[in-house]
Amino acid sequence: MVFKIDLVNNPEPIRVNFDRQLKRVQRDVLKMGALVETSCQLARQAMFERDLEAADQIIVADREIDALYRQIELDCVNMIALQSPVAQDLRLLSALMQLVRDIERIGDYAKNLGEVSVRLFPYEPQPQMIQIRTMFDRCRAMLATGLKALSDLDGKSAGDMQLLDDAVDSDYENLYTLLTQKTELQGSIEPIVLMVLAIRHIERMADHSTNIGKRVSYIVTGER
């Protein structure tokens, strides 16, 4: 016997299916975030431990991140187009679509840092790398805070991320001044240029991490 379901008067099966799809998207977003955290750890190894193998591993990880990003975006679009979500679900889906773009961009910057590391490798370690590492560790802490806030749907932690971003901005300004006003240069200027590029990548990673916090706050409160 085939059971016929009146979807007009009994929308529950549609809702159950929608909730299942939504949970899968949320899991994929957190998985993508974990992959980007791994890419950032690899970028740290490449930059500050001069680990060229780690730089190669970032490229492989970035392909997986990009594929997952495209899948999440497609799933969100399909759910919006085919499922007619209620206002709260629509808010969540639209915020997730913006949020995964921020996560994907952080992964791109991690890959860029890997490329910078390869180009820095032939040169002697620069003394400014200690301060750059501190700046990068602050940025990684921001990403971890944002992803934890997303996992817990913690609007307060997400809202506190601006203070962390201010610290990274201060690091950037201090390092940029230190690097660009360096007068006693010996040998090639390329290491200086590459370090300026690296701190710019890190500063942008922090901005995208801040955006993650803002998206989480919007999901939780509905306020931008």
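Residues numbered from 1 in each chain as written. Predicted model: local features only at pLDDT ≥ 70, side-chain atom pairs only at ≥ 80, totals over all residues. Heavy atoms only, no water.

Peer 1: Looking at this model, I keep getting lost on the environment of Val 220. Mind explaining?
Peer 2: Position of Val 220 relative to the elements: it lies in helix H7 (residues 190-221). Residue Val 220 is classed as partly exposed on the basis of its relative accessible area of 38%. C-alpha of Val 220 to C-alpha of His 208: the two residues are twelve residues apart in sequence and 19 Å apart in space. Contacts of Val 220, omitting those with residues within four sequence positions, involve Arg 91, Leu 153, Asp 154 and Gly 155. (Helix = DSSP H or I, 4+ residues; strand = E, 2+ residues; numbered from the N terminus. Buried < 20%, exposed > 50% of the residue type's maximum accessible area, 1.4 Å probe, protein only. Contact = heavy atoms within 4.5 Å.)

Peer 1: Would you mind showing me how to read the side chain of Asp 171 here?
Peer 2: Here Asp 171 shows up in helix H6 (residues 161-180). Given the relative accessible area of 14%, Asp 171 is considered buried. Discounting residues that sit within four places of it in the chain, Asp 171 has contacts with Met 135 and Arg 138.

Peer 1: In this structure, what is going on with the confidence of the model for the protein chain? I would like to understand it.
Peer 2: Atomic detail in the predicted coordinates should be set aside for any region of low pLDDT. Taken over all residues, the pLDDT of the protein chain has a mean of 89, while the share at 70 or more is 92%. Contacts from residues 1-8, a stretch scored under 50 in pLDDT, to residues over four places away or in other chains number three contacts. (pLDDT = per-residue confidence, 0-100.)

Peer 1: Can you help me understand H7 in this one?
Peer 2: Because each turn of an α-helix spans 3.6 residues, side chains separated by three or four positions end up pointing in the same direction. Look at H7: 47 Å from first C-alpha to last across 32 residues, which is about the 46 Å you get at 1.5 Å a residue. A positive backbone phi angle near 80° is found at Gly 222, which sits one or two residues after H7. (Expected span 1.5 Å × (residues − 1).)

Peer 1: When you look at the packing of H6 against H7 in this model, what are you seeing that I'm missing?
Peer 2: Running from N to C, H6 and H7 cross one another at 170°; their axes reach a closest spacing of 10 Å. Put simply, H6 runs roughly antiparallel to H7. Contacts from Met 161, Gln 162, Asp 165, Val 168, Asp 169, Tyr 172, Leu 175, Tyr 176, Leu 179 and Thr 180 in H6 reach Ile 192, Met 195, Val 196, Ile 199, Arg 200, Glu 203, Ala 206, Asp 207, Ser 209, Thr 210, Gly 213 and Lys 214 in H7. (Axes fitted to C-alpha atoms, helices over the stretch in contact; angles between N-to-C directions. Parallel < 35°, antiparallel > 145°, perpendicular 65-115°, else oblique.)

Peer 1: For this particular structure, what's the right way to read a nonpolar patch on the surface?
Peer 2: A cluster of nonpolar residues, Leu 52, Val 118 and Phe 121, forms a patch on the protein surface that exposes about 220 Å² of accessible area. Within the element layout of this structure, Leu 52 appears in helix H2 (residues 52-83). Residue class for Leu 52 comes out partly exposed when judged on its relative accessible area of 32%. (Patch = residues over 30% accessible without salt bridge, like charges linked within 9 Å, V, L, I, M, F, W, Y side chains within 5 Å. Areas by Shrake-Rupley, 256 points an atom, 1.4 Å probe, with all protein chains shown as cover. Salt bridge = Lys/Arg side-chain N within 4 Å of Asp/Glu carboxyl O.)

Peer 1: Could you clarify how one ought to interpret the side chain of Glu 203 in this entry?
Peer 2: Secondary-structure assignment places Glu 203 in helix H7. In this structure the side chain of Glu 203 is engaged in a polar contact, spanning 2.5 Å, whose partner is the side chain of Arg 200. Discounting residues that sit within four places of it in the chain, Glu 203 has contacts with Met 135, Val 168, Asp 169 and Tyr 172. (Polar contact = N/O pair within 3.5 Å; in protein donor to acceptor, adjacent residues only side chain to side chain.)

Peer 1: Would you mind going over the pattern of salt bridges with me for this structure?
Peer 2: Side chains bearing opposite charge may pair, as long as their charged atoms lie close to each other. Enumeration over the complete set of coordinates arrives at eleven salt bridges. In this structure, the salt-bridge partner of Asp 137 is Arg 140, at a minimum N-O distance of 3.5 Å. One end of the pair is Asp 137 and the other is Arg 140, both in helix H4 (residues 129-152) and three residues apart, which spans about a single turn. Given a relative accessible area of 27%, Asp 137 falls into the partly exposed group. Residue Arg 140 is classed as partly exposed on the basis of its relative accessible area of 25%. For Asp 171, the salt bridge goes to Arg 138, with nearest N and O atoms at 2.6 Å.

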